Amino acid sequence: MENVTTIILLGFPDLHGFRIVFFLFLFMSYLTTICANLMVITLVAFSRHLQSPMYFFLTQLTTSDIMTTSDIVPNMLHMVLHNGSSMSFSGCLTQFCFFGSSESSECLLLTSMSYDRFLAICHPLHYHSLMNPLLCLKYILISWLIGFTITFTQTVNMSQLDFCQSNIIDHFFCDFDPVLKLSCSSVRHIQLLSIVMCFPLIVLPFFITVISYVYIVLSILRIQSITGRQKAFFTCGSHLAVVSIFYGTLFSIYLIPEKGNSIVLRKVLSIVYTVVTPLLNPVIYCLRNKDIKKAFKKLKS
């Protein structure tokens, strides 16, 4: 049997009369996401009082969001209008590689941001010596390098499988499990590697983030001043909201068994993961951050 060369993505076959409405939602969400994230990057780049590790990490987070939504949404728009989409097999693997790299890096970037908030709140006197620009740059480079290397390795392993059965994926992008299901080769070694890689990419960063916030909350509760407590909670509130949305959606998607009506639920959660979350992240930071609001007002004037 010949190897599959074209992948067909079913997308959303049951939209019926909501097709145009859904297209407009995706289109406006995509435009807003790109503009909002680019605005955050621009504000941090041109505002002197935003030159700190926290905002440097934030620019990397917004870059990851731009990569994720740009990798997925343009093809989704075509898919909605034409009731499905097709792409080459190499294009499918490329989409997975970019998606996996950006999302894996985002896990590590969120962990670095959690550690940054931990140092700022729990060790404020030593913060600038501990979180210096060189260390900050190292965390960012390591996050991107690990995310890309692991995902690229998985992509290369997937490309060496035989795909000679169905070429239809009931999803709106080339995710890991849907692509593996098309293979007529043994995929146990790739699945095992994926499980192993979940520990440095997802499990360990998640626990580091949780532990950081446990110490942060305990440290805040020891502050006697009510004003001081509110200020400390406000400082880390935006990041905590972003972390909660990210991991909440991530765990919801990959813990749901892939049977029956759960396919529809997985698609809905994946929309939150790939469309809504990249849109919400800059909104959350901009609405809750006085420094960014101040920088925006200066930029307008």
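All values reported here derive from a predicted model rather than from experimental measurement.

A. Representation of the packing of aromatic side chains. All chains considered together, the criterion is met by 19 aromatic pairs. Look at Phe-118 and Tyr-215: their rings are 6.0 Å apart centre to centre, the planes differ by 70 degrees, and that puts the pair in the edge-to-face class. Here Phe-118, found in helix α3 (residues 89–122), pairs with Tyr-215, found in helix α7 (residues 188–221); they are 97 residues apart in sequence, far enough to count as distant. Looking at Phe-118, the relative accessible area reads 16%, which means it is buried.

B. Summary view of the sheet that holds strand β3 (residues 168–169). Pairing within the open sheet is mixed, and its three strands lie in the order β2-β1-β3. Looking along the sheet, the strands with just one partner apiece sit at the ends: β2 (85–88) and β3. Of the pairings in the sheet, the one linking strand β1 (residues 6–9) to β3 comprises two bridges and is parallel in character. Residue Ile-8 lies in a different strand from β3, and its bridge partner there is Ile-168. In this fold helix α2 (residues 53–82) packs onto β1 and β2, with an angle of close to 135 degrees to the strand it touches most, β2.

C. Quick peek at the side chain of Thr-209. For Thr-209, the position within the fold is in helix α7. Polar contacts involving the side chain of Thr-209 include one to the main-chain carbonyl oxygen of Pro-205, which spans 2.8 Å. Those residues in contact with Thr-209 that sit more than four places away from it in its chain are Leu-110, Thr-111, Ser-114 and Val-243.

D. A look at the pairing of β2. The alternating pattern of β2 places Ser-85 and Met-87 on a buried face and Ser-86 and Ser-88 on a face that is not buried. Judged from the four bridges that link them, β1 and β2 form a sheet pairing that is antiparallel. Counterpart to Ile-8 in the pairing with β2 is Ser-86.

E. Here's a closer look at the state of the cysteines. Counted under the stated rule, the structure contains one disulfide. Here Cys-92 connects covalently by a disulfide to Cys-174, the sulfurs 2.0 Å from one another. Residues Cys-92 and Cys-174 share a disulfide whose torsion about the S-S bond is about -120 degrees; that sign makes it left-handed. With Cys-92 in helix α3 and Cys-174 in the loop between β3 and α6 (176–180), this pair connects stretches of sequence that are 82 residues apart. Relative accessible area serves as the criterion here: at 0%, Cys-92 is assigned to the buried category. Cysteine Cys-107 is unpaired, with the sulfur of Cys-198 as its nearest cysteine sulfur at 9.3 Å.

F. View of the environment of Ile-34. Position of Ile-34 among the secondary structure elements: in helix α1 (residues 19–46). A relative accessible area of 18% places Ile-34 in the buried class. If near-sequence neighbours (up to four positions away) are discounted, Ile-34 is found in contact with Ile-66, Thr-69 and Ser-70.

G. Spatial organisation of the side chain of His-239. Mapped onto the secondary structure, His-239 falls in helix α8 (residues 226–255). Filtering out sequence-adjacent residues up to four positions away, His-239 remains in contact with Leu-110, Met-113, Ser-114, Tyr-213 and Tyr-285.

H. Quick peek at empty space enclosed by the protein. Enumeration according to the criterion identifies one cavity of 30 Å³ or more in this entry. There is about 40 Å³ of room inside the largest cavity. Taken together, Met-54, Phe-57, Met-113, Asp-116, Arg-117, His-239 and Tyr-285 make up the full set of residues lining the largest cavity. Within the residue set of the lining of the largest cavity, elements represented by two or more residues are α2 and α3. Top element by residues in the lining of the largest cavity is α3. It accounts for three residues. In terms of residue class, the lining of the largest cavity is built from four nonpolar, one polar and two charged.

Thresholds applied
- Residues numbered from 1 in each chain as written.
- Predicted model: local features only at pLDDT ≥ 70, side-chain atom pairs only at ≥ 80, totals over all residues.
- Heavy atoms only, no water.
- Phe/Tyr/Trp six-rings, centres within 6.5 Å; stacked < 30°, edge-to-face > 60°.
- Helix = DSSP H or I, 4+ residues; strand = E, 2+ residues; numbered from the N terminus.
- Buried < 20%, exposed > 50% of the residue type's maximum accessible area, 1.4 Å probe, protein only.
- Pairing = 2+ DSSP bridges.
- Contact = heavy atoms within 4.5 Å.
- Axes fitted to C-alpha atoms, helices over the stretch in contact; angles between N-to-C directions.
- Polar contact = N/O pair within 3.5 Å; in protein donor to acceptor, adjacent residues only side chain to side chain.
- Disulfide = S-S within 2.5 Å.
- 1 Å grid on protein atoms, 1.4 Å probe; cavity = no way out; pocket = protein on both sides within 12 Å on 5 of 7 lines; lining within 4 Å.
- Points joined across faces, edges and corners; volume = space filled by probe spheres on them.
- Nonpolar A, V, L, I, M, F, W, Y, C, P; charged D, E, K, R; others polar.

Any functional reading would require information beyond the geometric quantities listed.
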